[in-house]
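# Coordinates in review
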Amino acid sequence: MQHNLAIFASGTGSNAKKIIEYFKHNPNINVCLIVSNKADAPVLDMARTNGIPTLVIDRPYFYHSEDILNFFNQFSINFVVLAGFLWLVPSYLVRAFEGRIVNIHPALLPKYGGKGMYGMRVHEAVKAAGETETGITIHYVNERYDEGDAIFQAKCEVKPTDTPDEIAQKIHALEHRHFPAVIEELLEQK
Ligand code: GAR
């Protein structure tokens, strides 16, 4: 089966980049589209450098129309990856891609999840709580922030001296190591 991925990202897109590189020579898995809610997000430059089509969305388009489904049809998109995408996925999209949308979250869900918990905010909260470990969660996406079924978790140590920036670096390393391989494994089962 041919797997055609759309990756949603709001910012730098280091995870999106790792996924693109990982699947570059895989004949069955194509990253076909990068979607962002920010017209100036660095992830869009990275996509263009890699020759991958991009789509910039705004709230009316995403929440008050279902046009993105038609757009996806043009690329035969059949799997969606959220990699640093900060908007809630609308229910029409969750329904259309039931079991075929995954997200990565930079903490051990259900801890440090939910609306407003993203990026550095997560690492600052982990630090403030004096946690001795944190990690990543890859999970299916449903209509609530960070609540879909977990697929994979990996942990790392938090030292008392670690700053939120240092925690972020450890988390990114874990994400880059695991996210593409977990996606590949999921797709191989389909
Ligand atoms: C990643 O750490 C990802 O887990 C997080 O945003 C970062 C994006 O980094 N996502 C969330 O916080 C979602 N709630 P990147 O743009 O370098 O891939």
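Described in the following lines is the structure provided in the data block.

Conventions adopted
- Residues numbered from 1 in each chain as written.
- Predicted model: local features only at pLDDT ≥ 70, side-chain atom pairs only at ≥ 80, totals over all residues.
- Heavy atoms only, no water.
- Pairing = 2+ DSSP bridges.
- Helix = DSSP H or I, 4+ residues; strand = E, 2+ residues; numbered from the N terminus.
- Axes fitted to C-alpha atoms, helices over the stretch in contact; angles between N-to-C directions.
- Contact = heavy atoms within 4.5 Å.
- Buried < 20%, exposed > 50% of the residue type's maximum accessible area, 1.4 Å probe, protein only.
- Right-handed = clockwise from strand over helix to strand, strands pointing away.

### Let's talk about the sheet that holds strand β2 (residues 29–36)
Sheet strands line up and pair through hydrogen bonds in the backbone, either parallel or antiparallel. An order of β3-β2-β1-β4-β5-β6-β7 is seen for the seven strands of this open sheet, with the pairing classed as mixed. Looking at strand neighbours, the two that pair on one side only are β3 (54–56) and β7 (150–157), the edges of this open sheet. The average angle at which neighbouring strand axes cross in this sheet is 20°, direction not considered. In this sheet, strand β6 (residues 133–140) lies alongside strand β5 (residues 101–105) in antiparallel orientation, the contact comprising four bridges. Looking at the pairing, His 105 lines up with Thr 137 of β6. Where helix α4 (residues 67–74) meets the sheet, its contacts fall on β1 (3–8), β2, β3 and β4 (79–82), and the angle it forms with β2 comes to roughly 150°.

### Considering the pairing of β1
Most of β1 sits out of view: six of its six residues are buried. Side chains of β1 alternate between two faces, with His 3, Leu 5 and Ile 7 and Asn 4, Ala 6 and Phe 8 buried alike. Of the strand pairs in this sheet, β1 and β2 are connected by six bridges, and their pairing is parallel. The partner of Ile 7 across the bridge, within β2, is Ile 34. Each parallel crossover has a hand, and the one from β1 via helix α1 (residues 14–23) to β2 is right-handed.

### Brief notes about unusual backbone geometry
Where the residue is not glycine, phi is negative for most of them; where a peptide bond is considered, it is trans in most cases. A cis amide bond links Leu 109 with the next residue in sequence, Pro 110, at an omega value of 15°. With respect to the helices and strands, the residue Pro 110 is situated in the loop between β5 and α6 (119–128). Phi angles above zero are rare outside glycine, and Ser 76 is one such case at about 50°. Tracing the backbone shows Ser 76 in the loop between α4 and β4. Under the relative-accessibility criterion, Ser 76 is labelled partly exposed at 43%. Here Tyr 112, not a glycine, exhibits a phi torsion of approximately 55°, which is positive. Counting through the fold element by element, Tyr 112 comes out in the loop between β5 and α6.

Keep in mind that these numbers describe shape and distance, not what the molecule does.
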